[in-house]
Amino acid sequence: AATGRPDEGVRVTHVTQAYEPRLSQWFDGASMFQIVAKRATTNAAGEFILEGLSDRPAVLLFARRGFARQVVAGVKREPPEQIFSLSPGAAIEGLVQTAEGKPIPGAGGHAWIDRQRFPGAQTGPDGRFRLDDLPAGEAQVQFRPHSSEANALRRTVRVTLRTGETASADFT
């Protein structure tokens, strides 16, 4: 963690991708794009072991509630011991509504930061959403309502994310 202390319970995903040196979206499951994933969780000493890795460069994805998801590209098997640290996460919250002010429930959205797509969220019955555990930086947020009445809302909002803070992004 940013405190310099070991952090238990960080999910670590090691992804070897055949065609691109970097993932364009957060990888959290099976894939048909020749992606090989290994997973581990850090122990009380903040350590993890990934076995059976290929010699190809890969991407490491780190995730723990309350901390910014971190993407480390170009990771190789050597050196065998490497140190990584996590920063407190940023968040984006907002409202998706029609021009008449009617909330749009069930709209799906994501944030992109440095060309990396992070896990998304759906709006609740009140049209509100929250995207958590994002890294600091310039983010592009996009929500796509599922209803035809709200197709005009398909746009991108840019926000600046600061470590440990919540930014606002409303869609009308």
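Peer 1: Quick rundown of the packing of aromatic side chains? Include the residues and the values.
Peer 2: In this structure the tally under the stated criterion is 5 aromatic pairs. Geometrically, the ring pair formed by Phe62 and Phe84 is tilted, given 4.9 Å between the ring centres and 40° between the ring planes. Residue Phe62 is located in strand 3 (residues 58-63), and its partner Phe84 is located in the loop between strand 4 (70-75) and strand 5 (90-95); the two are separated by 22 residues in the primary sequence. When its relative accessible area of 24% is taken as the criterion, Phe84 is described as partly exposed. Pairing Phe129 with Phe171 gives two aromatic rings, centres 6.3 Å apart and planes at 55°, and the pair type is tilted. Placement of Phe129 in strand 8 (residues 128-134) and of Phe171 in the segment after strand 11 (166-168) is noted, with a sequence separation of 42 residues between them. Of the two residues examined, Phe129 and Phe171, each falls in the buried class.

Peer 1: If you had to explain the confidence of the model for the chain to someone new, which residues and values would you point to?
Peer 2: Confidence in the prediction for the chain averages 83 pLDDT; 82% of positions are at 70 or higher. Confidence, read as mean pLDDT per element, is least for strand 2 (residues 35-41) in the chain (81) and greatest for strand 11 (97).

Peer 1: Explain the pattern of salt bridges to me, and be specific about the residues and the numbers.
Peer 2: Across all of its chains, the model carries 5 salt bridges by this definition. With its nearest N and O atoms 2.7 Å apart, the salt bridge here joins Asp132 to Arg130. Residue Asp132 is classed as partly exposed on the basis of its relative accessible area, which comes to 22%.

Peer 1: Describe the sheet that holds strand 11, listing the residues and the values that go with them.
Peer 2: Overall, mixed pairing links the 3 strands, which are arranged 8-5-11 in an open sheet. Of all the strands in the sheet, the pair left with one neighbour each is strand 8 and strand 11. Recorded for the sheet is a direction-independent mean angle of 20° between the axes of neighbouring strands. Relative to strand 11, strand 5 is paired through 3 bridges, and the arrangement is parallel. Of the residues in strand 11, the one forming a bridge with Glu93 is Ser168.

Peer 1: Give a description of the nonpolar core that names residues and reports values.
Peer 2: Soluble globular proteins: nonpolar side chains tend toward being buried together. Ranked by internal contacts, the top residues of the largest apolar core, which has 21 residues, are Ile92, Phe129, Leu131, Leu134, Val159, Leu161 and Phe171. For this core, the elements supplying multiple residues, two or more each, are strand 5, strand 6 (108-113), strand 7 (116-122), strand 8, strand 9 (137-144) and strand 10 (156-161). Not counting residues within four places of it along the chain, the set of residues in contact with Leu131 comprises Ala90, Ala91, Ile92, Gly109, His110, Ala111, Pro119, Gly120, Ala121 and Val141. If you look at the next biggest cluster of nonpolar residues, it comprises 11 residues, including Val10, Val12, Leu50 and Val75.

Conventions and cut-offs
- Residues numbered from 1 in each chain as written.
- Predicted model: local features only at pLDDT ≥ 70, side-chain atom pairs only at ≥ 80, totals over all residues.
- Heavy atoms only, no water.
- Phe/Tyr/Trp six-rings, centres within 6.5 Å; stacked < 30°, edge-to-face > 60°.
- Helix = DSSP H or I, 4+ residues; strand = E, 2+ residues; numbered from the N terminus.
- Buried < 20%, exposed > 50% of the residue type's maximum accessible area, 1.4 Å probe, protein only.
- pLDDT = per-residue confidence, 0-100.
- Salt bridge = Lys/Arg side-chain N within 4 Å of Asp/Glu carboxyl O.
- Pairing = 2+ DSSP bridges.
- Axes fitted to C-alpha atoms, helices over the stretch in contact; angles between N-to-C directions.
- Core = buried A, V, L, I, M, F, W, Y, C linked by side-chain atoms within 4.5 Å.
- Contact = heavy atoms within 4.5 Å.

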